[in-house]
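# Structure assessment
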Amino acid sequence: MTYQTDVAGRRPHGRKGPLAGLRVADFCWMGVGSLATRFLADFGAEVIKIENRLRLDTPRRLPIYKGVVRAYGHEDPNPDPNKGGLHNNYSRNKLGITVNMKTEKGREIVDRLIAASSVVTENFAPGVMERWGLTYDRLKELCPEVIFARMSGFGHTGPYHEYRSYGPVVQAACGMSFVSGLPGREPSGWGLSYMDNQAAYTNSAALLLAIYQRNRTGKGTEIDVSAVEAGMHMLGPILLDVSVNGRVTRGGHYPTGNRVEHPHAAPHGVYPARGDDRWLAIAVMNDAEWRALVEVMGNPSWAQDGKFATQEARFANQDDLDPHIAAWSRERDCHEAMDALQAAGVRAGAVQNAQDLNEVDPQIAKRGLFFELDHPVIGEARFEGEPMHFSRTGMDNWRSAPLLGEDNDYVYREILGYSAEEIDALAEEGVI
Amino acid sequence: MPNPLERPYADLKVVELATDPGGEMTGYLLAGMGADVIKVEPPEGSPTRAVGPWLKGEEGPDDSLAFWYYNSNKRSAVVDYRTKDGMATLEALLAGADIFLCTLQPRALRSAGIDHEALSRRFPNLIVLSVTPFGLTGPWADYKSSELVGLAAGGPLFMCGYDDHAIPPILPGGNQAYHVAASFAHKALLVALIDRQMNGGGQVVDVSMHEGCAVTVELGNPYWFYPKALVERQTCRHAQPVRTQPAIFECADGKWVYFVLVVAEPKPFANLVAWMDSKGMAADLTDEAYQDFAYRQAHYAHVQGVVECFFLVHDAETMFHEGQERELPIAVISAPEELFEDPHNIERGFFVEVEHEGIGTFKYPGAPYQFSAFTSVPRTRAPKLGEHTNEVLGALAGEAVGAS
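In this text, all values refer to a predicted model and were calculated from it rather than measured experimentally. (Residues numbered from 1 in each chain as written. Chains lettered and ligands numbered in written order. Predicted model: local features only at pLDDT ≥ 70, side-chain atom pairs only at ≥ 80, totals over all residues. Heavy atoms only, no water.)

## Some points on the overall build of chain A
Counting secondary structure elements, chain A contains 18 helices and twelve strands. For chain A, the C-alpha atoms occupy an extent of roughly 85 × 50 × 45 Å along the three principal directions. Split into buried and exposed, the 432 residues of chain A put 64% on the buried side. Put simply, 69% of the contacts in chain A that link residues at least 6 apart link residues at least 24 apart. Total accessible area on chain A is roughly 15,300 Å²; 48% of this is exposed by carbon and sulfur atoms. Treating the 46 positive side-chain charges of chain A as one cloud and the 57 negative ones as another, the clouds have centres 2 Å apart. (Helix = DSSP H or I, 4+ residues; strand = E, 2+ residues; numbered from the N terminus. Buried < 20%, exposed > 50% of the residue type's maximum accessible area, 1.4 Å probe, protein only. Contact = heavy atoms within 4.5 Å. Areas by Shrake-Rupley, 256 points an atom, 1.4 Å probe, with all protein chains shown as cover. Lys, Arg positive; Asp, Glu negative; His and termini not counted. Charge placed at Lys NZ, Arg CZ, Asp CG, Glu CD.)

## Topic: the domain arrangement of chain B
Domains assigned within chain B are domain 1 (13-216 + 371-403) and domain 2 (245-337). Once you take the C-alpha centre of each, domain 1 of chain B and domain 2 of chain B turn out to be 45 Å apart. (Domains from an automatic or database assignment.)

## Topic: the interface of chain B and chain A
Contacts between the two partners involve 163 residues from chain B, matched on the other side by 152 residues from chain A. On inspection of chain B and its partner chain A, the count reaches eleven salt bridges. One salt bridge connects Asp277(A) with Arg233(B), and the closest N-O pair in it is separated by 2.9 Å. Counting across the chain B and chain A interface gives 77 residue pairs in polar contact (both at pLDDT 80 or more). Considering each element in turn, the side of chain B that touches chain A owes the most residues, 18 residues, to helix 7 (residues 176-199) of chain B. In terms of residue class, the side of chain B that touches chain A is made up of 97 nonpolar, 43 polar and 23 charged. Sheet topology note: the strand 12 (residues 388-390) of chain A/strand 6 (residues 204-208) of chain B ladder contains three bridges and is antiparallel. Residue pairing across strands places Phe390(A) opposite Val205(B), the latter belonging to strand 6 of chain B. (Salt bridge = Lys/Arg side-chain N within 4 Å of Asp/Glu carboxyl O. Polar contact = N/O pair within 3.5 Å; in protein donor to acceptor, adjacent residues only side chain to side chain. Nonpolar A, V, L, I, M, F, W, Y, C, P; charged D, E, K, R; others polar. Pairing = 2+ DSSP bridges.)

## Overview of the pairing of strand 5 (residues 127-132) of chain B
Residues and elements named next belong to chain B. Here strand 5 lies mainly inside the structure; six of its six residues are buried. Of the two faces of strand 5, the one lined by Ile 127, Leu 129 and Val 131 and the one lined by Val 128, Ser 130 and Thr 132 are each fully buried. Bridging between strand 4 (residues 99-102) and strand 5 involves four bridges; their strand directions are parallel. Across the sheet, residue Leu 101 finds its bridge partner in strand 5, namely Leu 129. Of the strand pairs in this sheet, strand 5 and strand 6 are connected by five bridges, and their pairing is parallel.

## Let's talk about the side chain of Glu211(B)
Along the chain, the position of Glu211(B) falls in helix 8 (residues 209-214). The exposure class assigned to Glu211(B) is buried, which follows from its relative accessible area of 1%. Leave out the neighbours within four places in its chain, and Glu211(B) touches Ile364(A), Arg367(A), Leu369(A), Pro387(A) and Phe134(B).

## Focus: the nonpolar core
Of all hydrophobic cores here, the largest spans 166 residues; its most connected members are Leu40(A), Ile223(A), Tyr9(B), Leu193(B), Phe311(B), Tyr369(B) and Phe371(B). Setting aside residues up to four positions removed in sequence, Phe371(B) forms contacts with Ala206(A), Leu209(A), Ala210(A), Thr221(A), Glu222(A), Ile223(A) and Met33(B). Formed by 35 residues, the second largest nonpolar core is a distinct cluster that contains Val99(A), Ile114(A), Phe124(A) and Val146(A). (Core = buried A, V, L, I, M, F, W, Y, C linked by side-chain atoms within 4.5 Å.)

## Describing the sheet that holds strand 2 (residues 46-51) of chain A
As summarised here, the arrangement of the seven strands in space is 3(A)-2(A)-1(A)-4(A)-5(A)-6(A)-14(B), forming an open sheet in which the pairing is mixed. Either end of the sheet is taken by a strand with one partner, and the two such strands are strand 3 (95-98) of chain A together with strand 14 (370-371) of chain B. Pairing between strand 4 (residues 119-122) of chain A and strand 5 (residues 147-152) of chain A: four bridges, direction parallel. Bridge pairing in strand 5 of chain A places Glu122(A) opposite Arg150(A). Against the sheet, helix 1 (residues 30-42) of chain A engages strand 1 (23-26), strand 2, strand 4 and strand 5 of chain A, with an angle of about 150° to strand 2 of chain A. (Axes fitted to C-alpha atoms, helices over the stretch in contact; angles between N-to-C directions.)

## Structural notes on the pattern of salt bridges
Considering all chains together, one arrives at 62 salt bridges over all chains under this definition. Between Asp195(B) and Arg392(A) there is a salt bridge whose closest N-O contact spans 2.4 Å. In this pair, Asp195(B) sits in helix 7 while Arg392(A) sits in the loop between strand 12 and helix 17 (408-415), so the two residues belong to two different chains. What emerges from the salt-bridge pattern is a single network uniting Arg10(A), Arg399(A), Glu406(A) and Asp407(A).

## Focus: the domain arrangement of chain A
We note that the domain assignment places domain 1 (23-233 + 373-428) and domain 2 (268-360) within chain A. Its C-alpha centre places domain 1 of chain A at a distance of 42 Å from the equivalent point of domain 2 of chain A.

## Focus on the packing of helix 8 (residues 194-217) of chain A against helix 7 of chain B
Two quantities define a packed helix pair, namely the angle between the axes and the distance from one axis to the other. Orientation of helix 8 of chain A relative to helix 7 of chain B, taken along the N-to-C sense of each, is 25°, at an axis distance of 10 Å. It follows from the interaxial angle that helix 8 of chain A and helix 7 of chain B lie roughly parallel. The element helix 8 of chain A and its partner helix 7 of chain B pack so that their crossing is left-handed. Across the interface between the two elements, Tyr194(A), Gln198(A), Tyr201(A), Ser204(A), Ala205(A), Leu208(A), Leu209(A), Ile211(A), Tyr212(A), Asn215(A) and Arg216(A) of helix 8 of chain A pack against Gln176(B), His179(B), Val180(B), Ser183(B), Phe184(B), His186(B), Lys187(B), Leu190(B), Leu193(B), Ile194(B), Gln197(B) and Met198(B) of helix 7 of chain B. By residue class, the composition of the contact of helix 8 of chain A with helix 7 of chain B is 13 nonpolar, eight polar and two charged. (Parallel < 35°, antiparallel > 145°, perpendicular 65-115°, else oblique. Left-handed = near helix turned anticlockwise from the far one by under 90°.)

## Quick word on the environment of Asp356(A)
Residue and element names in this part refer to chain A. With respect to the helices and strands, the residue Asp 356 is situated in helix 15 (residues 354-360). Judged by its relative accessible area of 4%, Asp 356 is buried. Once the C-alpha coordinates of Asp 356 and His 335 are considered, the two residues, 21 residues apart in sequence, prove to be 9.6 Å apart. Apart from residues lying up to four places away in sequence, Asp 356 is in contact with Arg 278, His 335, Val 351 and Asp 361.

## Here we look at the state of the cysteines
Counted by the stated rule, this structure contains zero disulfides over all chains. Of all cysteine sulfurs in the structure, the one in Cys213(B) sits closest to Cys334(A), which takes part in no disulfide; the separation is 17 Å. Among the residues examined, Cys334(A) registers a relative accessible area of 2% and is labelled buried. (Disulfide = S-S within 2.5 Å.)

## A word on the packing of helix 1 of chain A against helix 8 of chain A
All names here are of chain A. With their axes 8 Å apart at the nearest point, helix 1 and helix 8 run at an angle of 40° to one another. Accordingly, the angle class assigned to the pair helix 1 and helix 8 is oblique. Classified by chirality, the crossing of helix 8 by helix 1 is right-handed. For the pair formed by helix 1 and helix 8, the contact residues are Val 32, Leu 35, Ala 36, Phe 39 and Leu 40 on the first element and Asp 196, Asn 197, Ala 199, Ala 200, Tyr 201, Asn 203, Ser 204, Leu 207, Leu 208 and Ile 211 on the second.

This is the structure:
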């Protein structure tokens, strides 16, 4: 199948942003890797995603397509590599090339690409880069002062370094799943690969730190990020309750669901709202917020009960308090209730789903978080922006994700200096 | 040129006016790479000092473990920015700073008389890093937030909970809305720092926790962008547009493991069956019929049941290592106290010892990233309230004398 790829604007050109001029030879794949390097591409870096036609990147294969609803585990055995929405989401603003690293010529091409880059990124299972001879020492020969970012589940040393992982495995191993759930039940954990997001953010920050440092000192570095360690680093104060106070969390009444042990907030919960599976979160921290909540609820008589008179009393009597709040909230639209409570100074939030974020939330709309780009196969699609505004810098959203091998001609000819005939031959031999 | 062994932020001065864990974590990430972070606190202390858990259960401004967790390696100066004198001191500190890290929302900024744009004009090299619940602009800019409200309005909460939807969505643990804010704040700051290196000059950077959460929903947005499907929460596994099989298994010792039973791919399934068979527990899964994907798919519930029995009679730790040896992605759902004893974490030296004079030496998490060319600053305890006030104000006075 061929696509019209020479449409205006898809041919790579000079980029804008603080990272313009920085070239990244990007071996990253899967969600976590792709998301880590996307941040660099968003701010102007020339991130060249290196792919293998014979082993498609998972986000290209997952069946997140327009007009078809199925679980991501229900893969199409013969997917169109250019149709996957997840790949489009994760690899916008990047270039894409194909190369078969099992061939000697393929490895030669990649050596030349690394020599023409100054950052190399990867999140393979440990050992893959070594099999291709691409150790840090070798990369330094190709590109002095290179930054070599390695991202994996358990890190590149230690007894588990070869263990398999992906988001939920990382979440289990770092404690993140255990600390989420109702007391006395199995953990509810996470309904997403949260640690794929957070490990990616940690990796992006590590890459930017290394770039910033190289700009200062001229020196490159190797980076080792373990997703499990990134997770333990952000597990929160419970870690110190354990290490300082000797607390044991297993087998007790921890975690505590939507209630929190600290601060002594009450009411503190997720209450039903009008509609199917609609909910409202409320967190009352002090007497002033409680009085405001009672006012918004129309000063019901139950609220005058002495067992709700102080913050400590409310905290101690949450079992009695929560049904009253739920009886009030279940008659109300979650967004209207949120606005009314917030107007009175009460911390409240509609439990928003993706449709709300995209179509209801006036804050996100006003700040323009989501944006649209066209794609030759998928057509117009929405993208998640970066949750930050700069007074004089910005994202440079120039293109949706690359088609498989879309930038072979540009990268091999214009950056690496191969002739058109050589490129044709490489394609014919199955090297690219 | 700086010494290449020097840490990246060694020459950065940061003034932190942070009143929540998101801002405070951001400040700690900067201090951890060498920045001099002066935490400006009102006389009553940062609000985090009033939040437990507490050292030995005793409340006190210097005994909050929440404050300890988020404020390592900083200096604390009491400066009441709500008074005229305090504001003058804050401005004097900002005159010598590279970064002003501030979590105040627009109304609080106005009432304190802080104007980020004006500060940016007055101190052209200053990066004003604002990290707030909803950002500095927009109709919700002054809405109040919390960990629960942040994850609720931001989107992740809808995806988390149990198969039973009579149970509301359940808050994932550990202040993650604030950690999302801190992660994006650090990345945004690095963009501004690199911009300052390349083009000169600071700017105002406005990071929104709400928007950070709204893009930290993994498949949630793509399922809406493409098939227009909403994902539904399931117990300890991915929220999906259609129901999928359970992914956690209880073991003989009462611990749970996370393991996704992949029937689609032949190799992991074969590895699983061989493993079960080695313990005489493969039941009929060794039958040739199961080599056919369609057959496996059609008998998924039976396969699930046999696998549940297999886990139920073995310890979680055994299942973890034996499964991983057979290249199956599996892990024990570890409790916090187990992380400190884990041989892998011990061998990598992840947890570090931090001394609290007169109290004891305690284990803290180490850095989230390792670099061959430089290291993080060894972690030190959070400052006591106002511990460095004299030192910080004395240095300011010294500069004023020097300048006159």
